[in-house]
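Residues per chain are reported as follows:
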Amino acid sequence: MTNKMAMEWITAIDKRPCERNMRDCELISCRLRRVEPLCRLPGSALQQLAMCGFYEDLEKGVTLFRAGEQGRYWYAVLGGQLEVRYHGAEAKDSKLSVTLCNLGVGATFGESILHDLPRDSTVVTKTTCELLRVEQEDFRLIFEKNKELMNDIISNCKLKNGFGQSMQTTSLVQSGINQQQPSPTKKQLSPDHPNPALPITEAPSPAMSRMGWALRTLLVSDNTSCLKDRKVGGKFIRKCAPGTELVDWLLNLSPIVHTRTQAAGMWQALVEEGVLSHVAKEQPFKDKCFLYRFKVDEDGTAGGSPSSDDVSQANDHIREALPGLLHRGPDATLRMILRKPSHERTHEELELVYEELLHIAALSHLSTSIKRELASIIVFEAHAHAGTVLFNQGDEGRSWYILLKGSVDVVIHGKGTVATLKEGDDFGKLALINDAPRYTVMSGTPQKMLEHLLETRLGGQAGPNDPFLDDFLLTHIVFMPTPILIDELASTYHADTEVDMRTASEEDQEYFMTCKRRVVQFIQRWVLAVRHAVFDDPLAVEFIEEIATDVESEGVLQEEASIIHHVLTQLSRYQEDRQMNASQKWKLPPNGQPICLFSGNTHSKTVIRPDDDIIFRVYCADHTYCTLRFPMSAPAEVIKACAADKLQLARMPEDLLLVEVKSNGERTVYKDNDVSIPTALSLNGRIFVSPKDHLDALTPLPEQELPTEAIDMDFEALPTKDVAYHMTLFDWDLFWAVHEYELLYHTFGRHHFNKITSNLDVFIRRFNEIQYWVVTEIVSTSNLTKRMSLVKKFIKLAAFCKEYQNLNAFFAIVMGLSNMAVSRLSQTWDKLPSKFRKLFSEYEALIDPSRNHRAYRMSVGKLQPPVIPFMPLLLKDMTFAHEGNKTSLDGLVNFEKMHMMAQTMRTVRYCRSRHLVLDPPSPKNENEIRQYISCFRTIDNQRVLTAMSQKVEPRRS
């Protein structure tokens, strides 16, 4: 693996910068990240170095430059050593030079090019050396974007080698006041932070309901009070008041309330029980201008104006019960803080939590610094009902619990309750420290795992989100194909076939019925987990129908009959939908546009199916072509044979190859058993058929270097938010059509399953289309002011896509703006307002690939569905899990690997667990915008894009 990666890196760096693709840049970035101090640079800077840097492999004794020469390059040492030599003013002979220092791995030199100064020394290789060389213009761009870090790297290199004066460095150290972010080694919190604006109980307690009634009665009876009907955001909100005025009112109500903090805590006690709430359910109680109202006003159950008797009773109750509310305030405030994300906790709030932790016995052995760390990450959970399961035996350990109130029973399968934990006890620590899952299935034969699953994970023995069951259902096609799974399930269901049930004991009869119940429950969970993939398999459908017939004949399986009837209803609906969309026909347009329906149903969320036909062209070396029509599932072997026949290539099928030729001339040969060929093409790729010995004769079509055909429309004239809105709807439909199984097919290879990945292919292509559309539009604009305006518009478009949680498009736009052909346009970026430069820098930091895309993962972890995720990263996670772990170990299925893959597949499921509902910005130009965003004008040849960039902004001499 190491040798392979080394070869890939060398192949990538050996290419000229204009010929490198994104994969090459990622390999080069990974290599540079291992070099100190280059690893300190942000991922975007390393990507730029990877895009524009040249690789130098030099022998010993080579002079890179001499003192007095005008510099053209900056260098970083990747391997070997160099000498820095100085020549005196009178020196005529190089032998009189003095060696000032040696430069080793990680050293950088040549920064005098920033100021167009001549070289002040001579640099010669002392050993065989590997260098990264960056041209002056490119280095200036990278330096300007990362000035502080680059200055630090250059200064440290000089000091290390004895140059420059020692200097004090000013570091921006985040103090305890601002340092609220968890350290890089901390894991994400789990469970997710609950919303502190929402109540912690299902219904208010009688005491808090009564207190809420009393306070509201007094507020409503006072005509000068703050509780008024108000118009907020165009909506009419009855009886609401700002938090500041509620605090003022409570301070004036009773002398026992001394401070604003006390008053705010008392109102928060009402918020956490749902008596009072923020009008938009977005804020806990704050002593600010946020508006709050009572639940009865929100529900419309408040009734009329209070009578004098009501006011009298309210005053009496306030006098009696207000001290109790005052006492509850501090605890309510603490719970509110513990329900906030770490980064939102203020210094004062962290101190409050820390002081509370000092009194918890389970933490008494921890140091002060650890307790302060805990103050920023500890969270609060409330479980109102007895019998709530916190976690199941076998679940992955992700949290450590400390019991503040109530009690918890510890139950072990087969043993019942083994312990009862009381207030102050803690649990869950061991699994968390070991980072071990609470289930123990690490490997096994497919049959034994299924047997174990049926015995321990069905019939109410495990929670609805049990990882082992879900992992098995999502990944079984890798190690247990559906026909084998059905055979095993049938054997379990029909375990009583050779037994006379009339003479069997009650225990045996119960055992056989339990087997049947578990198989039915398995089918239910199977359909729930993978949906139509079960119904697409004729064997699975036949098995379900057979089980349904048998279950209905068993009088004791009434509950199972209901379950299987529900499954049959889902099957019937799916088959009706399939029938409605039968005979779909697609076409791959000849000029680089995405595939589209040729005829038939054109409604949204159209799924591409294996038996759908597609019409496409196949070319040969002289650029003549034939037009073919095949099902999506047609293998490459069949396509090449038919194409060769139509194009009159007199060769045997085994002497022919089916090839994609990309716009840059790169060729990809398809395996004979590969499927979904037309949808797997790159943006401007074409399908060719060729004899094996003529492969080198294949060249791109002339139009492949031109922009793809698209709707002729001025992007700048379109409202940016409208474009983002329609892009998100369009991208959501593409994402919705992708089945989780397609990630497995893509990772292990479609040919292993004989399954198409067309929906995933189209979605991945969309990412590349958006990315190169951004670059194409910018480098096609010759006017500097218009080009700057266009860059600004794309940054705004990225902002709106981020707001709509279309992260796939957001990444594509930002990566398009980071493309070397765009980032080198220094005049354009200099003209851009600083506000937009700053915003773009923030977006670049968010897509930074360092630490396995940590910034993005942390950001997306806070979002609620629906989300359109950054699909290339999910595929990368699948690939790393696959290539880094064997599928089988000593003949057993490596189920840890299956668990890792299922985690990624669950992410896809979670992102679309809610339907996308967006408020349309405006109906103006709706149809035109929809047409425009469905097919962008793109050039995907980096060499052509770079040349266009250099034409609109030539290199400065």
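What you are looking at is a predicted structure, and each value in this text was computed from that prediction instead of being measured.

About the criteria used
Residues numbered from 1 in each chain as written. Predicted model: local features only at pLDDT ≥ 70, side-chain atom pairs only at ≥ 80, totals over all residues. Heavy atoms only, no water. Pairing = 2+ DSSP bridges. Helix = DSSP H or I, 4+ residues; strand = E, 2+ residues; numbered from the N terminus. Contact = heavy atoms within 4.5 Å. Axes fitted to C-alpha atoms, helices over the stretch in contact; angles between N-to-C directions. Patch = residues over 30% accessible without salt bridge, like charges linked within 9 Å, V, L, I, M, F, W, Y side chains within 5 Å. Areas by Shrake-Rupley, 256 points an atom, 1.4 Å probe, with all protein chains shown as cover. Salt bridge = Lys/Arg side-chain N within 4 Å of Asp/Glu carboxyl O. Parallel < 35°, antiparallel > 145°, perpendicular 65-115°, else oblique. Left-handed = near helix turned anticlockwise from the far one by under 90°. Buried < 20%, exposed > 50% of the residue type's maximum accessible area, 1.4 Å probe, protein only.

Novice: Any chance you could explain the sheet that holds strand β3 (residues 73-79) here in plain terms?
Specialist: Sheets are built from strands paired through backbone hydrogen bonds, the pairs being either parallel or antiparallel. Strand order in the open sheet formed by four strands is β1-β8-β3-β6, with antiparallel pairing between adjacent strands. Bordering the open sheet on either side are β1 (54-58) and β6 (108-109), each of which pairs with just one other strand. As judged from the five bridges shared by β1 and strand β8 (residues 129-135), these two strands associate in the antiparallel manner. Counted as the bridge partner of D57 is E130 from β8. Packing of helix α3 (residues 43-52) onto the sheet brings it into contact with β1, β3 and β8, and relative to β8 it is tilted by some 95 degrees. Helix α4 (residues 136-145) rests against β3 and β8 of the sheet, and its axis sits at about 80 degrees to β8.

Novice: Even after reading the chapter, I still don't get the environment of Q950, so can you show me in this structure?
Specialist: By the secondary structure assignment, Q950 is in helix α35 (residues 942-952). Sequence-wise, Q950 and V779 are 171 residues apart; in three dimensions their C-alpha atoms are separated by 8.7 Å. Contacts of Q950, omitting those with residues within four sequence positions, involve R824 and R955.

Novice: Sorry if this is basic, but what is going on with a nonpolar patch on the surface here?
Specialist: Nonpolar side chains collect at one region of the surface, where Y86, V98 and L100 lie side by side and expose about 270 Å² of accessible area between them. Here V98 shows up in strand β5 (residues 98-103).

Novice: Would you mind going over the packing of helix α27 (residues 807-818) against helix α30 (residues 834-846) with me for this structure?
Specialist: How two helices sit against one another is set out by the angle between their axes and by the gap between those axes. Put simply, α27 and α30 touch, their axes get as near as 10 Å, and they point 115 degrees apart. As summarised for this structure, α27 and α30 are arranged roughly perpendicular, according to the angle between their axes. In this structure, α27 crosses over α30, and the sense of that crossing is left-handed. Note on element contacts: α30 touches α27 through F840, Y843, E844 and L846, opposite F810, F811, V814, L817 and S818.

Novice: What am I meant to see in the pairing of strand β23 (residues 625-631) here?
Specialist: Across a regular strand the side chains alternate sides, sitting on one face of the sheet and then on the other. Of the two faces of β23, only the one carrying C626, L628 and F630 is buried; Y625, T627, R629 and P631 on the other face are not. Here seven bridges tie strand β22 (residues 613-619) to β23, and the two strands are oriented antiparallel to one another. Looking at the pairing, I614 lines up with F630 of β23. Hairpin geometry of β22 and β23 is characterised by an intervening segment of five residues between the two adjacent antiparallel strands and by a positive phi of about 75 degrees at H623.

Novice: Would you explain the sheet that holds strand β19 (residues 443-444) in this entry?
Specialist: On the basis of which strands lie adjacent, the open sheet formed by three strands has the order β19-β28-β27 and antiparallel pairing. Each edge of the sheet is formed by a strand with only one pairing partner; in this case those strands are β19 and β27 (888-889). By the bridge criterion, two bridges tie β19 to strand β28 (residues 892-894) in an arrangement that is antiparallel. When the sheet's bridge partners are listed, G444 is paired in β28 with V893. Running at roughly 35 degrees to β28, helix α33 (residues 895-911) makes contact with β19 and β28 of the sheet.

By themselves these figures say nothing about function.
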